[in-house]
Amino acid sequence: MTDFQMVSSDFTADEKLEIESIKMYKKDLLDDIQKLKMEIDNVMAEIFSFESAEESTTLEKSKRFSNGKKKFNMDPKKGVNYLVENRLLNGSAQSISEFLYKEEGLNKTAIGEFLGEREELHLQTLKAFVELHEFSDLNLVQALRQFLWSFRLPGEAQKIDRMMEAFATRYCDCNGHVFQSTDTCYILSFAIIMLNTSLHNPNVKDKTNLARFISMNRGINNGEDLPDDLLSKLYESIRNEPFKIPEDDGNDLTHTFFNPDREGWLLKLGGRVKTWKRRWFILTDNCLYYFEFTTDKEPRGIIPLENLCVREVPYPRKPYCLELYNPNSRGQRIKACKTETDGRVVEGKHQSYTICAASAEERDSWIEAIRASITKDPFYDLVSVRKKKVINQAPQD
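Conventions and cut-offs
Residues numbered from 1 in each chain as written. Predicted model: local features only at pLDDT ≥ 70, side-chain atom pairs only at ≥ 80, totals over all residues. Heavy atoms only, no water. Helix = DSSP H or I, 4+ residues; strand = E, 2+ residues; numbered from the N terminus. Buried < 20%, exposed > 50% of the residue type's maximum accessible area, 1.4 Å probe, protein only. Contact = heavy atoms within 4.5 Å. Areas by Shrake-Rupley, 256 points an atom, 1.4 Å probe, with all protein chains shown as cover. Phe/Tyr/Trp six-rings, centres within 6.5 Å; stacked < 30°, edge-to-face > 60°. Core = buried A, V, L, I, M, F, W, Y, C linked by side-chain atoms within 4.5 Å. pLDDT = per-residue confidence, 0-100. Pairing = 2+ DSSP bridges. Axes fitted to C-alpha atoms, helices over the stretch in contact; angles between N-to-C directions. Patch = residues over 30% accessible without salt bridge, like charges linked within 9 Å, V, L, I, M, F, W, Y side chains within 5 Å. Salt bridge = Lys/Arg side-chain N within 4 Å of Asp/Glu carboxyl O. Parallel < 35°, antiparallel > 145°, perpendicular 65-115°, else oblique. Nonpolar A, V, L, I, M, F, W, Y, C, P; charged D, E, K, R; others polar. Disulfide = S-S within 2.5 Å.

Colleague: For the overall build of the chain, give the residues involved together with the corresponding values.
Modeller: Secondary structure assignment for the chain yields 14 helices and nine strands. Looking at the chain as a whole, 42% of its 397 residues are labelled buried. Taking the contacts inside the chain whose residues are at least 6 apart along the sequence as the reference set, 62% of them involve residues at least 24 apart. Carbon and sulfur atoms provide 51% of the accessible area of the chain, an area that totals close to 22,700 Å².

Colleague: I'd like a rundown of the packing of aromatic side chains, residues and numbers included.
Modeller: The tally for this structure, following the rule as stated, stands at 16 aromatic pairs. Residues Trp265 and Trp280 carry aromatic rings whose centres are separated by 5.3 Å and whose planes lie at 70° to one another, so their mutual orientation is edge-to-face. Linking Trp265 in strand β1 (residues 262-269) with Trp280 in strand β2 (residues 276-284), this pair joins segments that are 15 residues apart in sequence. By relative accessible area, which is 2% here, Trp280 ends up buried. Judged by centre distance (5.2 Å) and plane angle (90°), the ring pair of Trp276 and Tyr315 falls under edge-to-face. With Trp276 in strand β2 and Tyr315 in the loop between β5 (309-313) and β6 (321-325), this residue pair connects regions lying 39 residues apart in the sequence. Judged by relative accessible area, Trp276 falls into the partly exposed class, the value being 23%.

Colleague: Summarise the nonpolar core; cite the residues concerned and give the values.
Modeller: Ranked by size, the top nonpolar core spans 57 residues in total, and within it Phe72, Leu100, Leu140, Met164, Phe167, Leu188 and Ile192 carry the most contacts. Looking at this core, the element that brings in the most residues is helix α9 (residues 182-200), giving ten residues. Excluding residues within four positions of it along the chain, Leu140 makes contact with Phe167, Tyr171, Phe179, Cys185, Leu188, Ser189, Ile192 and Leu234. The next biggest cluster of nonpolar side chains, apart from the first, holds 20 residues, and it includes Leu283, Tyr290, Leu308 and Ala357.

Colleague: I'd like a rundown of the confidence of the model for the chain, residues and numbers included.
Modeller: The share of residues in the chain with pLDDT of 70 or more is 87%, and the mean pLDDT across the chain is 84. Confidence, read as mean pLDDT per element, is least for helix α12 (residues 254-258) in the chain (49) and greatest for helix α6 (residues 120-131) (97). Ignoring residues within four places in sequence, the model shows residues 249-255, a span with pLDDT below 50, making 13 contacts including any to other chains.

Colleague: Tell me about the sheet that holds β1, and name the residues and values.
Modeller: If you trace the nine strands from one edge of the open sheet to the other, you get β5-β6-β9-β1-β2-β3-β4-β7-β8, paired in antiparallel fashion. Since the sheet does not close on itself, it has two edges, and those belong to β5 and β8 (345-347), each with one partner. On average, adjacent strands in this sheet sit at an angle of 30° to one another, irrespective of strand direction. Where strand β3 (residues 287-291) meets strand β4 (residues 301-304), four bridges bridge the pair, whose relative direction is antiparallel. Within β4, the residue paired with Tyr289 across the bridge is Ile302. Where helix α13 (residues 360-372) meets the sheet, its contacts fall on β1, β2, β3, β5 and β6, and the angle it forms with β1 comes to roughly 110°.

Colleague: Please give an account of a nonpolar patch on the surface that cites residues and values.
Modeller: Among the surface-exposed residues, Leu36, Ile40, Val43, Met44 and Ile47 lie close enough to one another that they form a single nonpolar patch of about 440 Å² accessible area. Accessibility expressed as a relative area gives 42% for Val43, which makes it partly exposed.

Colleague: Residue-level account of the pattern of salt bridges, with values.
Modeller: For the coordinates displayed, the defined rule picks out 20 salt bridges. With a shortest N-O distance of 3.6 Å, Glu263 and Arg152 are connected by a salt bridge. Taken as a pair, Glu263 in strand β1 and Arg152 in the loop between α7 (140-149) and α8 (157-174) lie far apart in primary sequence, 111 residues in all. The buried category is assigned to Glu263, whose relative accessible area is 7%. The partner of Arg300 in a salt bridge is Glu292, and the shortest N-O contact between them spans 3.0 Å. Linked through salt bridges whose partners overlap, the residues forming this network are Arg218, Asp225 and Asp228.

Colleague: Quick one: what's the story with unusual backbone geometry, residue by residue and with numbers?
Modeller: Peptide bonds are, in most cases, trans, and in most cases residues other than glycine have a negative phi. One non-glycine residue, Asp137, lies in the positive phi region at around 65°. Its identity is not glycine, yet Arg317 carries a phi of approximately 65°, on the positive side. Tracing the backbone shows Arg317 in the loop between β5 and β6.

Colleague: So what's going on with the packing of α7 against α9? Residues and values would help.
Modeller: For the pair α7 and α9, interaxial distance at closest approach is 11 Å and the crossing angle is 75°. Judged on the interaxial angle alone, α9 and α7 are roughly perpendicular. Across from Leu140, Val141, Leu144 and Leu148 in α7, the residues of α9 making contact are Cys185, Leu188, Ser189, Ile192 and Ile193. Along the lines of polarity and charge, the residues of the contact of α7 with α9 split into eight nonpolar, one polar and no charged.

Colleague: Pulling in residues and values, what's your account of the state of the cysteines?
Modeller: Applying the stated criterion across every chain yields a total of zero disulfides. Cysteine Cys185 remains unbridged, with the sulfur of Cys172 as its closest cysteine sulfur at 4.4 Å. The buried category is assigned to Cys185, whose relative accessible area is 0%. Lacking any disulfide linkage, Cys356 is separated from the closest cysteine sulfur, that of Cys321, by 4.0 Å. What makes Cys356 buried here is its relative accessible area of 6%.

Next comes the structure, spelled out in structure tokens:
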């Protein structure tokens, strides 16, 4: 007989029932604990599965975002469309402008290309982009340094005009006491950019001195002169430190490509193998450069325009073509160079260059720009028109 049996014989019937009840309760409690443990295990498994799925979603989103940035650097419009379609941007001007302003790894040429377009979304994005800059209590050179570091100015005059107009408006909003009008800020900003080129481009032999800089800007403040002290400080700032060009455009050709006459995507017909290839063209300093990508630091080819002519030319299935040719040396190769895939620089093989634009308007604009590229300063017309406006609006005595 066990001790429990000996002791239990001393319990009353009610006490024995209570003991049995406790034993059953204990068993139920242990069962409940086991069920709870199983439920906890299931919940933890679900949490782990959710976290894994969330991590996978985050990784996939990150990959799509990275792909979107790469697409943007190759083709800004397609890149933005991809990001919007994948719900990585909401498609508003504010969302896109913050992406352009804050996101690292974007090509500054591509940013400038996107901001320079004239469609309404691009215009609103430009306005929002400029408003992200804080110019309060900065002098004009300091503000320009900040502004021109955030993207690269495109080559077309109309795009430059819109972007510098937006800059002048923003600067005057932040510093209402400095200039009498945004026109003054606009004109002086161009004068500073041209001064930077004059002082720091080795190809410019006739350097602008302080006296000439002050004289150039007489009467631009609604017919009045700006203080010589202000202009002197701006001049010294540029003389002591040129504008810095964003790194993705930094190379020995920095000054050449800073303010091109025109740039954009065109199709080029091969010289030996007659296939069409998409190339990024830059027109500046009487030369036409072409690149495989806007991010390339060195051009794939250089076409000096000296002694060449340009004309519209028909081509089968390519309706918007232009041709570069030498009217005095027909049948001979044009003096040009290209970079082979192995890095060797070789002489070009073209007797003429056939290039295709996306539209008749674009083709005609390229023809006009090439014809005008030899001596034309890209900022001259913009500043001249604005100066005439300021002078005509000035109060007469």
